[in-house]
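Residue-level structural notes
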Amino acid sequence: MVLSGAQAAAIQGNWKNVDAQAQEYANALFLRYLTSNPGDQARFPKFAEVPLGDLRSNADFNAQTIVIVKALSAIVANLGDVQKAAELLRQRVRTHYKRNITMAQFERLLDLLPMFLQEKAHAGGDVADAWRIAIADLMPAMRDEYSRCQ
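In this text the structure is predicted, and so the values were computed from the model without any measurement.

The description of an aromatic ring pair rests on the distance of the ring centres and on the angle between the ring planes. Tallied over the full model, the rule gives seven aromatic pairs. For the pair Phe30 and Phe44, a centre-to-centre distance of 5.3 Å together with 90° between the ring planes defines the contact as edge-to-face. Here the residue Phe30 occupies a position in helix 2 (residues 22-36), and Phe44 occupies one in the loop between helix 2 and helix 3 (59-77), the gap between them amounting to 14 residues. We classify Phe44 as buried; its relative accessible area is 15%. Relative to Phe61, the ring of Phe30 has its centre 6.2 Å away and its plane inclined at 45°; by these criteria the two rings are tilted.

Enumeration according to the criterion identifies nine salt bridges in this entry. Taking the shortest distance from any N to any O, the salt bridge between Asp144 and Arg90 comes out at 2.9 Å. Taken together, the positions of Asp144 in helix 6 (residues 125-149) and Arg90 in helix 4 (residues 82-97) put the pair 54 residues apart, joining distant regions of the chain. Residue Asp144 is classed as partly exposed on the basis of its relative accessible area, which comes to 28%. Looking at Arg90, the relative accessible area reads 17%, which means it is buried. For Arg148, the salt bridge identified is with Asp144, shortest N-O distance 3.0 Å. Pair noted here: Arg148 and Asp144 are both in helix 6, with a separation of four residues, about one helical turn.

So, how was this worked out
- Residues numbered from 1 in each chain as written.
- Predicted model: local features only at pLDDT ≥ 70, side-chain atom pairs only at ≥ 80, totals over all residues.
- Heavy atoms only, no water.
- Phe/Tyr/Trp six-rings, centres within 6.5 Å; stacked < 30°, edge-to-face > 60°.
- Helix = DSSP H or I, 4+ residues; strand = E, 2+ residues; numbered from the N terminus.
- Buried < 20%, exposed > 50% of the residue type's maximum accessible area, 1.4 Å probe, protein only.
- Salt bridge = Lys/Arg side-chain N within 4 Å of Asp/Glu carboxyl O.

This is the structure:
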């Protein structure tokens, strides 16, 4: 499927909830990710040794999570042009490949997003479904870029 204009607008409308409390959502999303993928915390040396329950009060964790949500915000803002959104993700793949972030890690984070937004940011099922379509549309560009980096 291809993300429609209406679906992109639905994602963008719901994302306003995230933007309004970006740090809170950023921390919650990444805590969900690390809870599901505890071994990945070691990839973040600035807070690798911080207990999961203490991460919200860690300045380095907060700095990292807000960068993630700001990157997602830029992608959301460009969902009306999937090629622009894909290019933003390609750039992320290039910078993260150098840090040994795998394609599987990107996929695991993006897989969490639709359900997370339903549970935390009041996204309806239509918005969650639109996210699934957007991710499916964008994933080939990410995989392509990752294979170019290898």
